[in-house]
Amino acid sequence: MKSIYKVSFLCAAVALFAACGPKGADDKNTNTAGEDTSIDAKINQLVTVQLTADLKGLSENDRKMLPFMFQVADIMDELFWEESLGGKNAFLDTIKDEKIRRYAMINYGPWERLNDDKPFVKGVGKKPEGANFYPKDMTKEEFEKWTSPNKKGLYSMVRRDDGGFLKTVPYHEYFKEKIDRAAALIDSAAKYADDAGLKKYLALRAQALRTDDYQASDFAWLDMKNNTIDFVVGPIESYEDKLFGYRTSHEAYILIKDKIWSEKLAKYAAMLPELQQGLPVDAKYKAEKAGSDSDLGAYDVVYYAGDCNAGSKTIAVNLPNDENVQLKKGTRRLQLKNAMRAKFDKIMMPIADELIDPSQRANVTFDAFFSTVMFHEVAHGLGIKNTINGKGMVREALKDEASALEEGKADILGLYMITKLYEKGEFTKKDLDDCYITFMAGIFRSVRFGAASAHGKANMLRFNYFADKGAFTRTPEGKYKVDLAKMKDAMTSLSALILKLQGDGDYDGVKKLMAEKGKILPQLQGDLDRLKAKKIPVDIIFDQGRKVLGL
Ligand SMILES: [Zn+2]
């Protein structure tokens, strides 16, 4: 299972901000829909934000450690260029137009990542599905006939030997000079690590890069608890290998922990058993023990490099991907707060301006948004994983509908948790109202480009259910206004409905509900169409690095 929410629609935060490109890019400057597809327009759809963070909590040593990490990240960026395209500088030298070159830098090549990899440089043709991981002249058939035991390797390039036969070359050999340099820099960073867990992880990670055996460093990463700085680095995700999905690409995130939020989360996660007891559903649907197999934390990210900086920007990381490690120790989930805030400010706010009634506009806030996203994550631990009638796991019984309903459950139970915490005095009434109204605004953003995905359907189910229950009204001007009391009732009954469908493993029931309610009706579509004219950014890109941080 892929864990960084870049391509999959596993989680709310991401589904809300998932990669959805503008339509149409061809030789002309307008497409059939009349949209402007010039390079200027393409660049203008991406808004630049500065990646900053509060550095007050950093020690002297932390400040000495970061520059090494920036250098390593830049090497990961170079490696990603090699894996994706190869010959970065030679390629960029062929582009004379300044703007096209800039767009190529953003896209790590001549294909638009947020527009189905359509080429924007003349004569380059289609993007190879296997990127630069495989020989350009290799066919799928040739690969399938190949008998090498290493051919599905996560950490190797496929090349031809002198006889023209396929061979694998491990990353640490293929990229030897760069990898050795990166590993040495990580060792240098480790010298300044005050936290023993981070020190151990960095040393093991440097060694992992030199050997392409990552497991020991993955375990060490999961054991880190008190580090302020985190460094996700190495070949991790396999999205770039669209041919087979085997080969991973290098990337790096440099992260600074948000200790206040991380502590709050630990506190709320500890309340799960009590909240499970209070779920608005028959006892048999909440008989399992609540809990989560992932350790959740909030971070500010100060650098994205390589794979994670290409295309749609990740705002949540759930790692490691190694299933053997996951089985033994679970995962760690990092929510990237400042990147989320940037998307909130640049994308969510203009949407709320257009669609939320002016009387409730001030209730759409980042704090509320971040709360709903974080509680979504915690709420996955509520409810039950097994059906109550012998149909086995909920996930298996609900088949292709399972993930949409599970995400829908986490969304609505996240709101349930916030409501309960308000009742316990943890939240003010203003906090609660903000969360309800921001939650509503979030639905518009998540279905802005359509509701074809599983998560889009779950969002529409909720929207249409709320509409039926009078949880909001639509003004003649096409603005939406939440009725807080009715929304609370709708939240409660929808929670019960979803928990029951899951517990019963009622596949036909879910299928029917999604078919009826999981779609965008014409009136809403008309309102969403108004957003198109507002030129709301498609995604964000970063101004980042030591200078931006003031280091
Ligand atoms: Zn989720």
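Conventions adopted
- Residues numbered from 1 in each chain as written.
- Predicted model: local features only at pLDDT ≥ 70, side-chain atom pairs only at ≥ 80, totals over all residues.
- Heavy atoms only, no water.
- Helix = DSSP H or I, 4+ residues; strand = E, 2+ residues; numbered from the N terminus.
- Rg over C-alpha atoms; globule rule 2.2 N^0.38 Å.
- Buried < 20%, exposed > 50% of the residue type's maximum accessible area, 1.4 Å probe, protein only.
- Contact = heavy atoms within 4.5 Å.
- Areas by Shrake-Rupley, 256 points an atom, 1.4 Å probe, with all protein chains shown as cover.
- Lys, Arg positive; Asp, Glu negative; His and termini not counted.
- Charge placed at Lys NZ, Arg CZ, Asp CG, Glu CD.
- Expected span 1.5 Å × (residues − 1).
- Pairing = 2+ DSSP bridges.
- Axes fitted to C-alpha atoms, helices over the stretch in contact; angles between N-to-C directions.
- Domains from an automatic or database assignment.
- Buried area = accessible area lost by both parts, 1.4 Å probe.
- Salt bridge = Lys/Arg side-chain N within 4 Å of Asp/Glu carboxyl O.
- Polar contact = N/O pair within 3.5 Å; in protein donor to acceptor, adjacent residues only side chain to side chain.
- Nonpolar A, V, L, I, M, F, W, Y, C, P; charged D, E, K, R; others polar.
- Core = buried A, V, L, I, M, F, W, Y, C linked by side-chain atoms within 4.5 Å.
- Parallel < 35°, antiparallel > 145°, perpendicular 65-115°, else oblique.

## Examining the overall build of the protein
Then step 1. For the protein, the helix and strand inventory stands at 23 helices and 13 strands.
Then step 2. Expected size for 551 residues packed as a compact globule is a radius of gyration near 24 Å; at 24 Å, the protein falls within 12% of this value.
Then step 3. Its C-alpha atoms put the protein at 70 × 55 × 50 Å along the principal axes.
Then step 4. The proportion of buried residues among the 551 residues of the protein is 58%.
Then step 5. At a minimum sequence separation of 6, the contacts of the protein that also span at least 24 residues come to 74%.
Then step 6. Of the accessible surface of the protein, which amounts to about 23,200 Å², a share of 52% is contributed by carbon and sulfur atoms.
Then step 7. Of the charged side chains in the protein, 84 are positive and 81 negative, and the gap between their average positions amounts to 1 Å.

## Considering helix α17 (residues 402-423)
Then step 1. With 22 residues, α17 should reach 32 Å at 1.5 Å per residue; the first-to-last C-alpha distance of 31 Å fits that figure.
Then step 2. Across the 22 residues of α17, 17 count as buried, placing the element largely inside the fold.
Then step 3. Positioned one or two residues after α17, G425 has a phi angle of 90°, which is positive.

## Section: the sheet that holds strand β8 (residues 294-306)
Then step 1. The five strands lie next to each other as β6-β7-β8-β10-β9, forming an open sheet whose pairing is mixed. Whereas interior strands pair on both sides, the edge strands pair on one side only; in this sheet they are β6 (229-237) and β9 (316-319). Pairs of neighbouring strands in the sheet enclose a mean axial angle of 35°, with direction left out of account.
Then step 2. Across eight bridges, the pairing between β6 and strand β7 (residues 249-257) is antiparallel. For V233, the partnering residue across the bridge sits in β7 and is A252.
Then step 3. The strands touched by helix α11 (residues 259-270) are β7 and β8; relative to β8, the strand with the most contacts, the crossing angle is about 150°.

## Some points on unusual backbone geometry
Then step 1. The omega torsion of the bond from L319 to P320 falls at 0°, within 30 degrees of zero and hence cis.
Then step 2. Positive phi, normally seen in glycine, also occurs at K399, with a value near 40°.
Then step 3. The residue K399 is located in the loop between α16 (394-397) and α17 in this model.
Then step 4. Positioned with a positive phi, K535 is a non-glycine residue whose angle comes to about 50°.
Then step 5. Summarising the element assignment, K535 is placed in the loop between α22 (522-532) and β13 (539-543).
Then step 6. A relative accessible area of 73% places K535 in the exposed class.

## Some thoughts on the domain arrangement of the protein
The figure often quoted for interface size is the accessible area lost as the parts come together.
Then step 1. You can read the domains of the protein as domain 1 (51-253) and domain 2 (258-292 + 347-542).
Then step 2. A separation of 35 Å is found between the C-alpha centroids of domain 1 and domain 2.
Then step 3. Taken together, the contact between domain 1 and domain 2 spans six residues of the former and five residues of the latter.
Then step 4. Looking only at domain 1, the three residues that lose the most surface to domain 2 are L51, I106 and L114, adding up to 70% of its buried area.
Then step 5. Linking domain 1 with domain 2 are zero salt bridges.
Then step 6. Inspection of the region where domain 1 meets domain 2 yields one residue pair in polar contact (both at pLDDT 80 or more).
Then step 7. Grouping the constituent residues of the side of domain 1 that touches domain 2 by class yields three nonpolar, two polar and one charged.

## Quick notes on the pattern of salt bridges
Then step 1. In total, this model carries 39 salt bridges according to the counting rule given.
Then step 2. Here D258 and K337 are joined by a salt bridge, their closest N and O atoms 3.2 Å apart. With a gap of 79 residues between them, D258 in the loop between β7 and α11 and K337 in helix α14 (residues 337-355) connect regions that are remote in the sequence. The pair D258 / K337 is uniform in exposure class, with both members buried.
Then step 3. Linking E354 and K534 is a salt bridge whose minimum nitrogen-to-oxygen distance equals 3.3 Å. Of this pair, E354 sits in helix α14 while K534 sits in the loop between α22 and β13; the two residues are 180 residues apart in sequence, bridging distant segments of the chain.

## Overview of the nonpolar core
Then step 1. Within the largest apolar cluster, 155 residues are counted, with the highest numbers of intra-cluster contacts made by L202, L336, F444 and F466.
Then step 2. With ten residues, α17 is the largest single contributor of residues to this core.
Then step 3. Both domain 1 (51-253) and domain 2 (258-292 + 347-542) contribute no fewer than three residues apiece to this core.
Then step 4. In contact with F466, not counting residues within four places along its chain, are I412, F439, I443, A471, F472, M487, A490 and M491.
Then step 5. Within the second largest apolar cluster, 20 residues are counted, among which are F91, L92, I95 and I106.

## Quick word on helix α10 (residues 215-223)
Then step 1. Regarding α10, the residues found buried are S217, D218, A220, W221 and L222.
Then step 2. Residues of α10 that are buried make contact with α9 (196-211), β6, β9, α13 (323-329) and β10 (331-336).

## Some remarks on the packing of helix α19 (residues 454-468) against helix α21 (residues 507-517)
Then step 1. At a minimum axis separation of 9 Å, α19 and α21 run at an interaxial angle of 75°. When the interaxial angle is binned, α19 and α21 end up roughly perpendicular. When α19 is examined against α21, the residues K457, A458, M460, L461, N464 and D468 are found in contact with a partner set consisting of L513, M514 and K517.
Then step 2. The residue makeup of the contact of α19 with α21, split by class, is five nonpolar, one polar and three charged.

## Some thoughts on the pairing of β7
Look at any regular strand and the pattern is simple: side chains alternate between the two faces of the sheet.
Then step 1. Of all nine residues that make up β7, nine are buried, and the element is covered over most of its length.
Then step 2. Because side chains alternate across β7, one face comprises the buried residues S249, E251, Y253, L255 and K257, and the other comprises H250, A252, I254 and I256, equally buried.
Then step 3. The sheet contact formed by β7 and β8 spans seven bridges and is antiparallel. The residue of β8 that forms the bridge with E251 is G306.

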